[in-house]
Each structure stands twice: as structure tokens, then as C-alpha cells.
Amino acid sequence: MYKEIYLVDDEDLVNTVNSIHFRRMGMEEKVKSFTNPELALDDLRYRDDPTTKTLILLDINMPEMSGFEFLEFMMLEDFPESNEVLLVTSSESDADREEANKYGKYVKEFITKPLRIEHLEDYLQSANK
């Protein structure tokens, strides 16, 4: 089970809706929400225990830093594989899906917005097996 859940999307409304999903599942105390991906990356870098099992819901298209740039930093800095990423994006581009495959070490799913609570519940059930 995840100890922390990071919501990383430049649109506050998207993070709010996703927070509500986690609240409905009784996991709101684990959620950290970021509209700036650089701040989320810093928070991940400087945790007390970097190997904490963490779920990261990451948008691809953000102004400060794209989701792929975020993943590139994770690779370069050799983040532990206990950081699992769900790309939650409005993109339906095959090129973006191919790009996501390069980060298979971290990226577990590519989900088209809006994220539905049923999808989250299914993913969390399969992740806990």
C-alpha cells in the first residue's frame, strides 16, 4: 500500500478532483498536491525515506516542466522504483504513449483525463496484489 500520494498537475481543479477521489477511498491523509512540478520533485528528493512506496499522478503538459522532463529527472537521479507514476493526461497522442514507455521503470499506466474513481480503485487493487 502507498504511504504517500503525489498529485502533480498545473491545474488546481484537476488536483482538487483527484484529491476528492482519494478522500472517498479514505486515503486523503496520504495526499500531497502540487501545481508546480519542480516543487513536487524537490519534495520527493528530500524525504526522510526516499524508498517510501509512493504513487505519483503526473500530468504531461505543464508550463514549468513537462511530465516527461519530470520523469527524466527521476531517471537521472536514480529515484527508487518504489515511486510509481500514473500519467494522467489530456493527451491521446501515440507519440506521448511511446515516450511514456521509455520510463517504464516508473510509469505504470497512461490514463486519459478525466481520471475516474473506478479506474483508481481498480489500479490500487491490482497494485496491492
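For the structure, check the block above.
Right, let's walk through the structure included here. (Residues numbered from 1 in each chain as written. Predicted model: local features only at pLDDT ≥ 70, side-chain atom pairs only at ≥ 80, totals over all residues. Heavy atoms only, no water.)

1. Notes on the overall build of the protein
Next up, step 1: Secondary structure summary: the protein contains five helices and five strands in total.
Next up, step 2: On C-alpha atoms alone, the protein measures out to a radius of gyration of 13 Å, which is about the 14 Å that the 2.2 N^0.38 rule sets for 129 residues.
Next up, step 3: Seen along its three principal axes, the alpha-carbon backbone of the protein occupies a region of about 35 × 35 × 30 Å.
Next up, step 4: Of the roughly 6800 Å² that the protein leaves accessible, carbon and sulfur atoms contribute 47%.
Next up, step 5: Here the protein contributes 15 positive and 29 negative side-chain charges, whose respective centroids are spaced 6 Å apart. (Helix = DSSP H or I, 4+ residues; strand = E, 2+ residues; numbered from the N terminus. Rg over C-alpha atoms; globule rule 2.2 N^0.38 Å. Areas by Shrake-Rupley, 256 points an atom, 1.4 Å probe, with all protein chains shown as cover. Lys, Arg positive; Asp, Glu negative; His and termini not counted. Charge placed at Lys NZ, Arg CZ, Asp CG, Glu CD.)

2. Thoughts on the nonpolar core
Next up, step 1: In this structure, Ile-56, Leu-58, Phe-70, Leu-71, Met-74, Val-85 and Leu-87 are the most contacted members of the largest nonpolar core, which totals 23 residues.
Next up, step 2: Sorting elements by how many residues they give to this core places helix H3 (residues 67-76) first, with four residues.
Next up, step 3: When sequence neighbours within four positions are dropped, the list of residues in contact with Met-74 reads Leu-41, Ile-56, Phe-79, Asn-83, Val-85 and Tyr-106.
Next up, step 4: Counting 15 residues, the second-largest nonpolar core is a separate cluster that includes Tyr-2, Leu-7, Leu-57 and Tyr-123. (Core = buried A, V, L, I, M, F, W, Y, C linked by side-chain atoms within 4.5 Å. Buried < 20%, exposed > 50% of the residue type's maximum accessible area, 1.4 Å probe, protein only. Contact = heavy atoms within 4.5 Å.)

3. Details of the pattern of salt bridges
Next up, step 1: Under the counting rule described, the total for this entry stands at 11 salt bridges.
Next up, step 2: A salt bridge links Glu-77 to Arg-45; the nearest nitrogen and oxygen atoms lie 2.7 Å apart. Within this pair, whereas Glu-77 is found in the loop between H3 and strand E4 (83-89), its partner Arg-45 is found in helix H2 (residues 37-45), the two being separated by 32 residues in sequence.
Next up, step 3: For Arg-45, a relative accessible area of 25% puts it in the partly exposed group.
Next up, step 4: Among the salt bridges present, the one from Asp-78 reaches Lys-105, with a minimum N-O distance of 3.0 Å. With Asp-78 in the loop between H3 and E4 and Lys-105 in the loop between helix H4 (94-101) and strand E5 (107-112), this pair connects stretches of sequence that are 27 residues apart.
Next up, step 5: Its relative accessible area of 53% is what places Asp-78 among the exposed residues.
Next up, step 6: Connected through salt bridges with shared partners, the residues Glu-4, Lys-32, Asp-43 and Arg-47 form a single ionic network. (Salt bridge = Lys/Arg side-chain N within 4 Å of Asp/Glu carboxyl O.)

4. Describing the packing of helix H1 (residues 12-24) against helix H5 (residues 117-127)
Next up, step 1: Relative orientation of the contacting elements H1 and H5 amounts to 55°, with a least axis distance of 10 Å. By the angle between their axes, H1 is oblique relative to H5. The two elements H1 and H5 meet at a crossing, and its hand is right-handed. Between H1 and H5, the residues in contact are His-21, Phe-22 and Arg-24 and Ile-117, Leu-120 and Leu-124, respectively.
Next up, step 2: For the contact of H1 with H5, the class distribution of residues is four nonpolar, one polar and one charged. (Axes fitted to C-alpha atoms, helices over the stretch in contact; angles between N-to-C directions. Parallel < 35°, antiparallel > 145°, perpendicular 65-115°, else oblique. Left-handed = near helix turned anticlockwise from the far one by under 90°. Nonpolar A, V, L, I, M, F, W, Y, C, P; charged D, E, K, R; others polar.)

5. Examining the pairing of E5
If a strand is regular, its side chains alternate between the two faces of the sheet.
Next up, step 1: Relative to E5, E4 runs parallel, the two sharing five bridges. Counterpart to Val-85 in the pairing with E5 is Val-107.
Next up, step 2: In the classification by handedness, the crossover that spans E4, the intervening H4 and the parallel E5 is right-handed. (Pairing = 2+ DSSP bridges. Right-handed = clockwise from strand over helix to strand, strands pointing away.)

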